[in-house]
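Coordinate inspection notes
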Amino acid sequence: MIGFFDSGFGGLSILKEVLGIGAKEKSSLASYDFMYLGDTARAPYGNHSPEKIYTYTTQALDYLFQHGCELVVLACFTASANALRKIQQEWLPTHYPDKKVLGILIPTAEEAIKETKNGRVGVLGTRATVQSGALSAELLKRRPGLQIFSAAAPLLVPLIEEGWTKKVETKKILRYYLQPLKSKKIDTLILACTHYPLVIKNIQLIMGRSTKVFHPGIAEKESLLDYLQRHPEIESKLTRSGKRVFLTTDKTENFNRLGSQFLGEKIEARLVSL
């Protein structure tokens, strides 16, 4: 199985792109078996310290590996920014040396660099993602001299999870967060939180046609395809029956309702404890 992990529902917006749900063409990744785990009991991760984020993420990874996953994607910018490097360098070699963990940060940075024409890139994310500076570091590593403008949007996740995506209040808050980025004349905006694609149309409308609003799920899909092609030793271990397993650490009714909106099709999750 391929595992997908996020602090809550947001990673389902990434999985939606990976599976090609709602797309005109079926994704070649849709035939693989996937297990999605949302740690909704401790979400949002963006308000926790890096140490807590690392602890929570390794607990989730341990569960996924123990239940049949060979490869896990951290479909969470906060976990990728604050825990992935340490997980890959220290935790995996001592706990699961034959398993792999991928993040969403690097694929997003690589694709954003391809998109920008004027070298002025905006980043909209949680406090933890923005404060970590990890995405900016990955962008600058690949293109020195890039001008990066970041903004934290802490109110967006709870508003989206309350189902307020179409409310006037949410649109006003979006304008408040986006105006400083818009004033910097950026031509590419990275949505550095997996919840934000649910309001991508409103964000694009506010930013205008001169700014490309970048969906991280598209980058993750291409990156995962490329990784499996380059690593047949991992790909050969994956099962391919189109099975989907959804897990949550909190109320399943709430997860099913909101998760179905994020994924674009009905889901039925099982409650687990990490």
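Residues numbered from 1 in each chain as written. Predicted model: local features only at pLDDT ≥ 70, side-chain atom pairs only at ≥ 80, totals over all residues. Heavy atoms only, no water.

Brief notes about the nonpolar core
Membership of the largest hydrophobic core comes to 67 residues, with the highest contact counts inside it found for Phe 4, Leu 124, Leu 139, Leu 189, Tyr 196 and Ile 203. At 5 residues, the largest contribution of residues to this core is made by helix 1 (residues 11-19). Within the second largest apolar cluster, 29 residues are counted, among which are Ala 60, Cys 69, Val 72 and Leu 247. (Core = buried A, V, L, I, M, F, W, Y, C linked by side-chain atoms within 4.5 Å. Buried < 20%, exposed > 50% of the residue type's maximum accessible area, 1.4 Å probe, protein only. Helix = DSSP H or I, 4+ residues; strand = E, 2+ residues; numbered from the N terminus.)

Concerning the packing of aromatic side chains
Under the counting rule described, the total for this entry stands at 10 aromatic pairs. Each ring, one from Phe 9 and one from Phe 262, has its centre 5.9 Å from the other, and the planes form 25 degrees; the classification is stacked. One end of the pair, Phe 9, is in the loop between strand 1 (2-6) and helix 1; the other, Phe 262, is in helix 13 (residues 252-263), with 253 residues separating them in the sequence. Residue Phe 9 shares its accessibility class with Phe 262, and that shared class is buried. Ring geometry for Phe 65 and Trp 91: centres 6.5 Å apart, planes at 20 degrees, overall stacked. Taken together, the positions of Phe 65 in helix 2 (residues 50-66) and Trp 91 in helix 4 (residues 84-95) put the pair 26 residues apart, joining distant regions of the chain. (Phe/Tyr/Trp six-rings, centres within 6.5 Å; stacked < 30°, edge-to-face > 60°.)

Some points on the sheet that holds strand 9 (residues 244-248)
Within the open sheet, the 6 strands sit side by side as 4-3-1-2-9-10. Their pairing is parallel. What marks the edges here is a single partner per strand, and that holds for strand 4 (100-103) and strand 10 (270-271). Pairing geometry for strand 2 (residues 34-38) and strand 9, over 5 bridges, is parallel. Following the sheet pairing, Met 35 is matched in strand 9 by Val 245. Docked against the sheet, helix 4 engages strand 3 (71-74) and strand 4, running at close to 170 degrees with respect to strand 4. (Pairing = 2+ DSSP bridges. Contact = heavy atoms within 4.5 Å. Axes fitted to C-alpha atoms, helices over the stretch in contact; angles between N-to-C directions.)

Regarding a positive patch on the surface
On the surface, a cluster of positive charge is contributed by Lys 166, Lys 171, Lys 172, Arg 175 and Lys 201. Positionally, Lys 201 belongs in helix 10 (residues 200-207). Under the relative-accessibility criterion, Lys 201 is labelled exposed at 74%. (Patch = residues over 30% accessible without salt bridge, like charges linked within 9 Å, V, L, I, M, F, W, Y side chains within 5 Å. Areas by Shrake-Rupley, 256 points an atom, 1.4 Å probe, with all protein chains shown as cover. Salt bridge = Lys/Arg side-chain N within 4 Å of Asp/Glu carboxyl O. Lys, Arg positive; Asp, Glu negative; His and termini not counted. Charge placed at Lys NZ, Arg CZ, Asp CG, Glu CD.)

With respect to the pattern of salt bridges
Close approach of charged atoms lets side chains of opposite charge pair. The final tally for this structure, using the stated rule, is 9 salt bridges. The closest approach of N and O atoms between Asp 39 and Arg 42, which form a salt bridge, is 2.8 Å. A salt bridge links Arg 240 to Glu 235; the nearest nitrogen and oxygen atoms lie 3.4 Å apart. Taken together, the salt bridges that share partners define one network made up of Arg 85, Glu 110, Glu 138, Lys 141 and Arg 142.

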